[in-house]
Amino acid sequence: QVSQEQHAHRSAAAEMDASREQAKQMTARLEKAQSELEEQRASTEALARKRSIMAAEAKSSVEEKLSEANAAREELQGQVSQEQHAHRSAAAEMDASREQAKQM
């Protein structure tokens, strides 16, 4: 009977040791998975920050180009207005010269 109890005790102790080892391995796997998830989260956050910066830079570049295009358009419109004014003045002068020539 004592031998049976010793055997049962050793068997129970071996099972407990195996359970402890299994728990250690599971804990190690969980810690590794948690670490990997944390690395992925940090990487995702860094990519999101980079994407945000790139979007802001692109928007700034587009706005700058749009501003340059508007300035160029305004300059051209000013030149066209000056040319139209000069053309009207020249036409008025020609009309006045014709009228003067008729009267002569």
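Everything here concerns the structure above.
Anyway, here's the lowdown on the structure attached to this text.

1. Things to note about the overall build of the protein chain
Logical step 1: Helix and strand counts for the protein chain stand at one helix and zero strands.
Logical step 2: The C-alpha atoms of the protein chain give 44 Å as radius of gyration, which overshoots the globular expectation for 104 residues (13 Å, by more than 25%).
Logical step 3: By principal-axis analysis of the C-alpha atoms, the protein chain measures approximately 150 × 10 × 5 Å.
Logical step 4: The 104 residues of the protein chain split such that 0% are buried.
Logical step 5: By element, 55% of the accessible surface of the protein chain is carried by carbon and sulfur atoms, the whole surface being about 9,700 Å².
Logical step 6: Each charge class in the protein chain was averaged separately, 15 positive and 19 negative side chains, and the resulting centres sit 4 Å apart.

The rules behind the values
All residue numbers refer to position in the chain's written sequence, counted from 1. Reporting of local features is limited, given that this is a predicted model, to residues whose pLDDT is at least 70; pairs of side-chain atoms are given and counted only at 80 or more, and all residues count toward the totals for whole chains, interfaces and linings. The side-chain quantities take in all heavy atoms of the structure and omit both hydrogens and water. By definition, any uninterrupted DSSP run of H or I lasting at least four residues is a helix, any uninterrupted run of E lasting at least two residues is a strand, and each is numbered from the N terminus. Our radius of gyration looks at C-alpha atoms and nothing else; its globule reference is 2.2 Å times the residue count to the power 0.38. Think of it in three bands: residues with accessible area under 20% of the maximum for their type are buried, residues over 50% are exposed, and the middle band is partly exposed, with areas taken using a 1.4 Å probe on protein chains only. Here, Shrake-Rupley sampling with a 1.4 Å probe gives the accessible areas, and only protein chains in the shown set may cover a residue. Charge counting treats Lys and Arg as positive and Asp and Glu as negative, with His and both chain ends excluded. Note on charges: their place is set at NZ of Lys, CZ of Arg, CG of Asp or CD of Glu.

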